[in-house]
Amino acid sequence: MTTLDQMLDVLQEWNQRAPLLAGLVGVFVLILLAITLHQLSRRLLIRGARHLAAQTSSHWDDALVGHRIFRNLSHLVPAFILYFGVDWFDQLPSQAVEIIKNTSVAYARLFSVLTVGALINALSAHYERQPISRERPLKGFFQISKIVIYFLGTVLVLAALVDRSPLLFFSGLGALTAVLLLVFKDTILSLVASVQISTSGILRVGDWVEMPQYGADGDVIDIALHTVRIQNWDKTVTTIPTHRFISDAFKNWRYMSTSGGRRIKRAINIDIGSVRFLHRNEVDDLREFALLRDYIDHKRAELEISNQNLADDGNVNARRLTNLGTFRAYILAYLKHHSEINSNMTLLVRQLDSTATGIPMEIYAFTRSTEWAEHERVKSDVFDHLLAIAPSFDLRIFQSPSGIDISTAALQLSNRQDD
């Protein structure tokens, strides 16, 4: 008799003397076999998937590998081994066999749900890499899909553990509807908001938005089911509930960026005491400005016709050019000829009501560039030029007296008294 035959005889005799112990040992061996095959299948699946992903340039297979899909799939192997292998041991009580089978089914359902959840994550990651994701954010839909999948999976796992039909669990949900609506109120509101945001396009990743009531002023970096994250200009991040972008007001600067122009709305305050009429020789000097030549010629002809019917009373009532009006005409001509100002959009120079700080001469125009730094550069260049050329019109820019102004005035007064 061979050694193998002897071992089989010993096992058979042991099985007859202690069948329960033999069954438990068999289950233990079955568990070891399931663990071993799980480790082997996991390595084969992951290595095979990584090898295939490395052979292609697509990001889709990389997303599948990177979100533990094949790792979760490998857990189905021990579940199947335990479920079908436990029938080999007749020595075990029927209740023990039923518990092992129910546990195996629950285990298989659990990792099936986790696999589907990982697949949704992979789909979401792959979609986020596409350019259309900035215009149609679907992260909220993926998240609500995961919530539904996990909810159904929880019911299926519990049903397998207690060996009951899942329909029994679902039939009891009717009485809990009000409680569920209360518990998931924010989720429902966020889901509705996500649908409206996605379909209407009022908010996209990369948009510059302002919500002063939440202290948010910056770029949208993430749109999820429950929250929208905004990176402020100081590099802090503000998190706002998604449904607030439907119920509350906010400013979206994206439409400015796509309009082809960014607004300049700033005033120069002119000292009222420097405003006066221009003399004929001063008009001739200002006509040397190429930007003012057409304006002065046109105004001279207009004023000559207007003043013909006036009596000779020392030109008290005669219309004349002022340095402020000519300066306003110069600003308008300068902006129209500026290569970085969009002349196809609103362009005007207007005089606002006089205040204690002078006469505001407001510029309302649009730069061609909507990029922040470039816009500020153009705006600064424009006002640098206007502040520097204002004295050519014998105009003073208003500013509150500083220490040097007071010292200069005191010194001049002292010199006059000495004289």
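The shown structure was predicted, so the numbers you read here are calculated from the model rather than taken from an experiment.

A few points about the side chain of Lys379
Reasoning step 1: In this structure, Lys379 sits in helix 16 (residues 372-389).
Reasoning step 2: For Lys379, a relative accessible area of 13% puts it in the buried group.
Reasoning step 3: The contact partners of Lys379, leaving out residues within four places of it in the chain, are Ile264 and Arg266.

Some remarks on the packing of helix 6 (residues 94-128) against helix 7 (residues 139-162)
If you want to describe how two helices pack, look at the angle between their axes and the distance between the axes.
Reasoning step 1: Where helix 6 contacts helix 7, the two axes come as close as 8 Å, and the packing angle between them is 175°. Accordingly, the angle class assigned to the pair helix 6 and helix 7 is roughly antiparallel.
Reasoning step 2: In terms of residue class, the contact of helix 6 with helix 7 is made up of 17 nonpolar, seven polar and four charged.

Focus on the layout of surface pockets
Reasoning step 1: Looking at the largest pocket, its volume works out to about 450 Å³.
Reasoning step 2: Forming the walls of the largest pocket are 13 residues, and the residues nearest its centre are Arg280, Leu303, Asn307, Arg319 and Arg320.
Reasoning step 3: At the level of elements, helix 13 (280-286) and helix 14 (293-307) are the ones that each hand at least two residues to the lining of the largest pocket.
Reasoning step 4: With four residues, the single largest contributor to the lining of the largest pocket is helix 14.
Reasoning step 5: For the lining of the largest pocket, the per-class residue count stands at five nonpolar, three polar and five charged.

Concerning the side chain of Asn232
Reasoning step 1: Assignment of secondary structure puts Asn232 in strand 3 (residues 227-232).
Reasoning step 2: Filtering out sequence-adjacent residues up to four positions away, Asn232 remains in contact with Gly215, Ala216, Asp217, Gly218, Val237 and Thr238.

So, the pairing of strand 3
Reasoning step 1: The alternating pattern of strand 3 places Val228, Ile230 and Asn232 on a buried face and Thr227, Arg229 and Gln231 on a face that is not buried.
Reasoning step 2: Relative to strand 3, strand 2 (residues 216-223) runs antiparallel, the two being bridged by five bridges. Paired with Val220 across the strands is Ile230, a residue of strand 3.
Reasoning step 3: In textbook terms, the turn of a hairpin is the stretch between consecutive antiparallel strands, and for strand 2 and strand 3 this stretch comprises three residues.
Reasoning step 4: Note: strand 3 against strand 4 (residues 237-241), five bridges, orientation antiparallel. If you follow Ile230 over to strand 4, its bridge partner there is Thr238.
Reasoning step 5: The antiparallel pairing of strand 3 with strand 4 creates a hairpin that spans four residues between the two strands, and Lys235 there sits at a positive phi of about 75°.

Regarding the packing of aromatic side chains
Reasoning step 1: Summed over the entire model, instances satisfying the criterion amount to twelve aromatic pairs.
Reasoning step 2: Three or more aromatic residues joined by ring pairs form one cluster here, namely Phe289, Phe327, Tyr330, Tyr334 and Phe393.
Reasoning step 3: Of note, Arg254 hangs over the ring of Tyr255, and the distance from its end group to the ring centre comes to 4.8 Å.
Reasoning step 4: In this arrangement the basic side chain of Arg320 is found over the ring face of Phe277, its NZ or CZ atom lying 4.1 Å from the centre.

What counts, and at which threshold
- Residues numbered from 1 in each chain as written.
- Predicted model: local features only at pLDDT ≥ 70, side-chain atom pairs only at ≥ 80, totals over all residues.
- Heavy atoms only, no water.
- Helix = DSSP H or I, 4+ residues; strand = E, 2+ residues; numbered from the N terminus.
- Buried < 20%, exposed > 50% of the residue type's maximum accessible area, 1.4 Å probe, protein only.
- Contact = heavy atoms within 4.5 Å.
- Axes fitted to C-alpha atoms, helices over the stretch in contact; angles between N-to-C directions.
- Parallel < 35°, antiparallel > 145°, perpendicular 65-115°, else oblique.
- Nonpolar A, V, L, I, M, F, W, Y, C, P; charged D, E, K, R; others polar.
- 1 Å grid on protein atoms, 1.4 Å probe; cavity = no way out; pocket = protein on both sides within 12 Å on 5 of 7 lines; lining within 4 Å.
- Points joined across faces, edges and corners; volume = space filled by probe spheres on them.
- Pairing = 2+ DSSP bridges.
- Phe/Tyr/Trp six-rings, centres within 6.5 Å; stacked < 30°, edge-to-face > 60°.
- Lys NZ or Arg CZ within 6 Å of the ring centre and 35° of its normal.

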